[in-house]
Amino acid sequence: MRWTNTTGGPVSAINLRESIPDSAAGGGSTATLNLYVDGAFRQALNLNSRQSWFYEGGDGHYNGSDQNPADGDPRDFFDEAHAFVTGAPIAPGSTVELRKDAANTAAYYDIDVLDAENPPPPAARPAGSLSITDCGAVASSTPTNGSAAPDAVDSTAAIQTCIDQAQAQQRTLWIPPGTFYLRGTTGLTARGITIVGAGQWYSTIYRDVPLPNSTPLAALFNLTSTHVQGFHLDSDSTSRETVDGGGGAMDTTGDGWSADGIWSQHVESGYWASGTRGSVRNARVTAVWADGINVNNVSLGNSVGSDITATNNFVRGTGDDGMAVNSVNYNTDGNGNRTYYTPMARITMTRNTVVAPWGGKGIGVYGGSGHLIEHNLISDTARYIGLGAGRFGVNGSDLLGATLNANTVVRSGGNGYDQGQPALHVGNGGDGQNTGTVDRVTVTDNTVLNPLYDGVGLSASTNTVLRDNTVTSPAATASWSPRRSTPRPPARPPSPTTPSPA
């Protein structure tokens with residue numbers, strides 16, 4: 001495959017969304033693929049399929065984490081790998097070629113996207129900050145390629161010590177360039193500080209969980225009223241299940257928190273965030289097992305989720321919703337006792353890009369009031385709705401006001417659970433429960449292009465306004481249609497640290 005650099009600038013780094021075959025018995029394989037620039041060999045790119053390939057086993061419901069190829073009906077083929085270009089940056093007008101040579105041993109290579117980038121230089125260490133290396137954290141330079149570097153040092157205790165010192169001294173915590181490992185099942189906890197890395201291409205925290213795992217996993221970071229900026233989170237997990245190391249990247253809550261420029265991969269969820277006046281911006285969430293960015297009212301035991309914004313984020317290849325407003329009314333413990341939560345309010349999601357979620361919606365709005373979903377691009381949902389507004393489950397909050405304005409939904413919908421899902425949907429019953437109120441949802445100036453089934457689906461709701469929306473080339477018979485409701489299994493299993501919203 002060959003491209004020309006038409007970006008208008010140099011390319012010093014590439015990110016591939018790609019697929020190579022699973023191993024015969026499951027569990028994945030590794031291989032290289034050669035990169036050429038203007039016909040000259042530059043480097044061998046490390047690829048693997050250890051963190052992709054699930055199988056349906058013929059049930060047609062796309063559920064579970066079946067990794068046995070003998071069961072058939074494969075899904076979730078793609079992973080993402082990134083690297084700096086060896087040598088000089090690729091100049092404008094130069095050719096970039098990915099070539100399968102004799103040394104590249106995979107039976108085939110499917111390339112979905114090549115992201116050509118020129119990251120800025122590493123950010124400088126903030127003045128007066130405390131570096132995790134000051135407390136004994138040790139970086140590894142060995143590429144991970146789907147599993148941990150065997151010689152990597154466990155820096156968990158050192159990083160937590162530095163976090164504790166930064167909190168006590170009210171200093172910024174610095175994550176320098178390099179890959180720092182958390183080897184085991186313990187996450188990191190921070191409150192009321194700022195954590196800064198050299199940039200999402202340079203500073204990495206990698207969780208290496210011994211697999212199979214029998215210990216409940218907290219998120220990699222558990223943050224309260226904390227600001228984080230400019231680093232990369234990764235792990236060796238092979239599904240969203242605990243046994244496979246499925247733990248989240250960031251569980252966040254508190255007041256006035258922020259996350260800016262964080263790249264999350266191969267984790268259960270990118271963000272599981274509650275609290276007030278928080279923001280997620282400039283994030284990259286790629287190849288994760290569950291939700292990309294889930295804004296809710298239950299994370300880390302909080303009971304509110306209000307005035308939170310998510311803007312200018314890029315989400316691709318999620319195993320559940322790409323982004324979600326997830327207002328929970330109550331959860332029930334093992335003894336039948338209910339805990340109630342404050343309905344969410346005034347969540348804003350603007351100018352985000354959500355691509356190819358293979359297990360849920362592109363953007364889902366589940367309950368609460370006063371939400372604004374505007375100027376987002378959603379494309380290529382594999383089985384489900386692109387943009388939806390309603391209520392999640394019998395224990396979800398009613399949806400009492402939301403605006404979906406000027407969003408673009410491309411090639412979305414799907415036939416998960418044999419439902420023929422629309423690209424855009426408003427109303428209750430989308431989860432098969434047929435309960436609750438969906439009221440005052442305004443849908444204006446949205447563009448729905450090439451939906452896989454209906455363009456817009458409507459189920460039970462009141463005071464719904466549809467105005468100035470455009471639907472082009474729906475594959476089904478009509479753009480507007482009433483939706484039947486077929487039971488949808490719960491989309492989010494309980495987390496050991498967070499009550500389940502479903």
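See above for the structure.
Residues numbered from 1 in each chain as written. Predicted model: local features only at pLDDT ≥ 70, side-chain atom pairs only at ≥ 80, totals over all residues. Heavy atoms only, no water.

What about the overall build of the chain?
Part 1 of the reasoning: In terms of regular secondary structure, the chain is built from one helix and 46 strands.
Part 2 of the reasoning: Radius of gyration (C-alpha) of the chain: 22 Å, near the 23 Å computed for a compact globule of 502 residues.
Part 3 of the reasoning: Overall size of the chain, expressed as C-alpha extent along the three principal axes, is 60 × 55 × 45 Å.
Part 4 of the reasoning: For the chain, the proportion of its 502 residues judged to be buried stands at 57%.
Part 5 of the reasoning: Across the chain, contacts joining residues at least 24 apart in sequence account for 73% of those joining residues at least 6 apart.
Part 6 of the reasoning: Carbon and sulfur atoms form 50% of the exposed surface of the chain, whose accessible area is close to 18100 Å².
Part 7 of the reasoning: Side chains of the chain give 30 positive and 44 negative charges; the mean places of these two sets differ by 5 Å. (Helix = DSSP H or I, 4+ residues; strand = E, 2+ residues; numbered from the N terminus. Rg over C-alpha atoms; globule rule 2.2 N^0.38 Å. Buried < 20%, exposed > 50% of the residue type's maximum accessible area, 1.4 Å probe, protein only. Contact = heavy atoms within 4.5 Å. Areas by Shrake-Rupley, 256 points an atom, 1.4 Å probe, with all protein chains shown as cover. Lys, Arg positive; Asp, Glu negative; His and termini not counted. Charge placed at Lys NZ, Arg CZ, Asp CG, Glu CD.)

Side note on the sheet that holds strand β4 (residues 40–48)
Part 1 of the reasoning: The strand order β1-β8-β3-β4 describes an open sheet built from four strands, whose pairing is antiparallel. Of all the strands in the sheet, the pair left with one neighbour each is β1 (2–4) and β4. In this sheet, neighbouring strand axes are inclined to one another by 25 degrees on average, regardless of whether the strands run parallel or antiparallel.
Part 2 of the reasoning: Bridge count between strand β3 (residues 30–37) and β4: eight bridges; the pairing is antiparallel. In the strand pairing of β4, Thr32 is matched with Asn46. (Pairing = 2+ DSSP bridges. Axes fitted to C-alpha atoms, helices over the stretch in contact; angles between N-to-C directions.)

Here we look at the nonpolar core
Part 1 of the reasoning: Ile195 and Phe221 are the most contacted members of the largest nonpolar core, which totals 65 residues.
Part 2 of the reasoning: It is helix α1 (residues 156–169) that provides the largest number of residues to this core, a total of five residues.
Part 3 of the reasoning: Val11, Ala31, Leu45 and Ala81 belong to the second largest nonpolar core, which has 18 residues in total. (Core = buried A, V, L, I, M, F, W, Y, C linked by side-chain atoms within 4.5 Å.)

Comments concerning the pattern of salt bridges
For side chains of opposite charge, pairing can occur when their charged atoms come near one another.
Part 1 of the reasoning: Enumeration over the complete set of coordinates arrives at 15 salt bridges.
Part 2 of the reasoning: One salt-bridge network, in which partners are shared between bridges, spans Arg2, Glu97 and Arg99. (Salt bridge = Lys/Arg side-chain N within 4 Å of Asp/Glu carboxyl O.)

Things to note about the pairing of strand β13 (residues 178–183)
Part 1 of the reasoning: Where strand β11 (residues 139–140) meets β13, two bridges bridge the pair, whose relative direction is antiparallel. Across the sheet, Ser140 pairs through a bridge with Thr179, a residue of β13.
Part 2 of the reasoning: Taken together, the six bridges between β13 and strand β16 (residues 203–208) define a ladder with parallel strand orientation. Looking across to β16, one finds that Leu182 is bridged to Arg207.

Comments concerning α1
Part 1 of the reasoning: With 14 residues, α1 should reach 20 Å at 1.5 Å per residue; the first-to-last C-alpha distance of 20 Å fits that figure.
Part 2 of the reasoning: Burial in α1 covers these residues: Thr156, Ala158, Ile159, Gln160, Cys162, Ile163 and Ala166.
Part 3 of the reasoning: Of the surrounding elements, those touching the buried residues of α1 are β10 (130–131), β12 (173–175), β13, β14 (188–191) and β16.
Part 4 of the reasoning: Residue Gln170 follows α1 closely and has a positive phi angle near 55 degrees. (Expected span 1.5 Å × (residues − 1).)

Looking at the state of the cysteines
Part 1 of the reasoning: Counting across every chain of the model gives one disulfide.
Part 2 of the reasoning: Here Cys135 engages in a disulfide with Cys162; their sulfurs sit 2.0 Å apart. Judged by the sign of its S-S torsion, about 90 degrees, the bond between Cys135 and Cys162 is right-handed. Here Cys162 lies in helix α1 and Cys135 lies in the loop between β10 and β11, a separation of 27 residues in the sequence. (Disulfide = S-S within 2.5 Å.)

Focus on the environment of Tyr108
Part 1 of the reasoning: Considering the arrangement of structural elements, one finds Tyr108 in the loop between β8 (95–99) and β9 (110–117).
Part 2 of the reasoning: With 89 residues separating them in the primary sequence, Tyr108 and Ser19 have C-alpha atoms 8.3 Å apart.
Part 3 of the reasoning: For Tyr108, the contacting residues outside a window of four places in its chain are Ser19, Ile20, Pro21 and Trp53.

Digging into the side chain of Ser274
Part 1 of the reasoning: Along the chain, Ser274 falls in the loop between β21 (271–273) and β22 (275–276).
Part 2 of the reasoning: For Ser274, a relative accessible area of 0% translates into the label buried.
Part 3 of the reasoning: Among the polar contacts made by the side chain of Ser274, one reaches the side chain of Thr253 at a distance of 2.8 Å.
Part 4 of the reasoning: In contact with Ser274, other than residues within four places in its own chain, are Thr252, Thr253, Gly254, Trp257, Asn296, Asn297, Val298, Ser299, Asn302, Val304 and Ile308. (Polar contact = N/O pair within 3.5 Å; in protein donor to acceptor, adjacent residues only side chain to side chain.)

A few points about the sheet that holds β9
Part 1 of the reasoning: Spatial ordering of the open sheet is given by β7-β2-β9, a layout of three strands whose pairing is antiparallel. Lying at the two open borders of the sheet, with one neighbouring strand each, are β7 (79–84) and β9. Across the sheet, the axes of successive neighbouring strands diverge by a mean angle of 20 degrees, strand direction being ignored.
Part 2 of the reasoning: As judged from the six bridges shared by strand β2 (residues 13–19) and β7, these two strands associate in the antiparallel manner.

Notes on the side chain of Ser19
Part 1 of the reasoning: As for its position among the elements, Ser19 is in strand β2.
Part 2 of the reasoning: Using a relative accessible area of 2% as the deciding quantity, one classes Ser19 as buried.
Part 3 of the reasoning: One polar contact links the side chain of Ser19 to the main-chain carbonyl oxygen of Phe77, over a distance of 3.0 Å.
Part 4 of the reasoning: The residues touching Ser19, leaving out its near neighbours within four places in the chain, are Trp53, Phe77, Phe78, Tyr108, Tyr109 and Asp110.

Let's talk about the pairing of strand β29 (residues 323–326)
Part 1 of the reasoning: Going residue by residue along β29, you find Met323 and Val325 tucked away on one face and Ala324 and Asn326 tucked away on the opposite face as well.
Part 2 of the reasoning: When strand β25 (residues 293–296) meets β29, the two strands line up parallel, connected through four bridges. Note on β29: the bridge partner recorded for Asn296 is Asn326.
Part 3 of the reasoning: Sheet topology note: the β29/strand β34 (residues 363–366) ladder contains four bridges and is parallel. From the neighbouring strand, Val325 faces β34, where its bridge partner is Val365.

Points about the environment of Asp73
Part 1 of the reasoning: In this structure, Asp73 sits in the loop between β5 (54–55) and β6 (74–75).
Part 2 of the reasoning: C-alpha of Asp73 to C-alpha of Glu56: the two residues are 17 residues apart in sequence and 5.2 Å apart in space.
Part 3 of the reasoning: With sequence-adjacent residues up to four places away left out, Asp73 is seen in contact with Phe54, Tyr55, Glu56, Gly57 and Gly58.

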